[in-house]
Amino acid sequence: MPQIFDPVPSDSCDRILCCYVNATSKIQVVRITNIANWYFERVVFPGQRLVFESPRAGQLEVHSGMMASAILSDTIPCRELLVQEGGDNFFPSDPVSQQRLELLNEAPVEPTEKVMSH
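The rules behind these values
- Residues numbered from 1 in each chain as written.
- Predicted model: local features only at pLDDT ≥ 70, side-chain atom pairs only at ≥ 80, totals over all residues.
- Heavy atoms only, no water.
- Pairing = 2+ DSSP bridges.
- Helix = DSSP H or I, 4+ residues; strand = E, 2+ residues; numbered from the N terminus.
- Axes fitted to C-alpha atoms, helices over the stretch in contact; angles between N-to-C directions.
- Buried < 20%, exposed > 50% of the residue type's maximum accessible area, 1.4 Å probe, protein only.
- Lys, Arg positive; Asp, Glu negative; His and termini not counted.
- Salt bridge = Lys/Arg side-chain N within 4 Å of Asp/Glu carboxyl O.
- Polar contact = N/O pair within 3.5 Å; in protein donor to acceptor, adjacent residues only side chain to side chain.
- Contact = heavy atoms within 4.5 Å.

Enquirer: Now, about the sheet that holds strand 6 (residues 71-77): what can you tell me, with residues and values included?
Expert: Read across the sheet, 4 strands follow the order 3-2-5-6 without closing on themselves; strand pairing throughout is antiparallel. Edge positions in the sheet fall to strand 3 (40-44) and strand 6, since each of these pairs with one other strand and no more. Between one strand axis and the next, the sheet turns by 20 degrees as a mean value, whatever way the strands run. Relative to strand 6, strand 5 (residues 59-64) runs antiparallel, the two being bridged by 6 bridges. If you follow H63 over to strand 6, its bridge partner there is L72.

Right under this line is the structure:
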């Protein structure tokens, strides 16, 4: 059964769908820490695409480095990672949409795909 970990706060009506790709050869940890009452953190492996929902004001922190130490290497406004979905709102509020989001995260990144990283 699909689960949503760390859902966007319910009082955040300005949610956007975002995509980040780790275009490096190192494991990264990404976090959103600037939204009150919400903390988002994921591990992103080299070449992995992460599709996630965020308040428009979110700032994605990208931490990279070796196992024992991680350095904040970039901060990206989530609005710059916005995914255009063509007309219908796409938020994982129902099981079908959640399954689609999970499939997007599992799909391999194609070499010809435009990589969104800073």
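That shown, we press on.
Enquirer: Hey, could you go over unusual backbone geometry for me, with residue numbers and the actual values?
Expert: In this model, N37 sits at a positive phi of 60 degrees, which is unusual for a non-glycine residue. Following the sequence through the fold, N37 ends up in the loop between strand 2 (28-32) and strand 3. On the accessibility criterion, N37 (80% relative accessible area) is exposed.

Enquirer: Quick one: what's the story with the side chain of E61, residue by residue and with numbers?
Expert: In this fold, E61 is placed in strand 5. Of the side chains with opposite charge, R31 comes closest to the buried, unpaired E61, at an N-O distance of 4.9 Å. A distance of 3.1 Å separates polar atoms of two side chains, one belonging to E61 and the other to H63. Apart from the residues within four sequence positions on either side, E61 is in contact with V29, V30, R31, T33, L72, D74 and T75.

The quantities given are spatial measurements derived from coordinates; they are silent on function.
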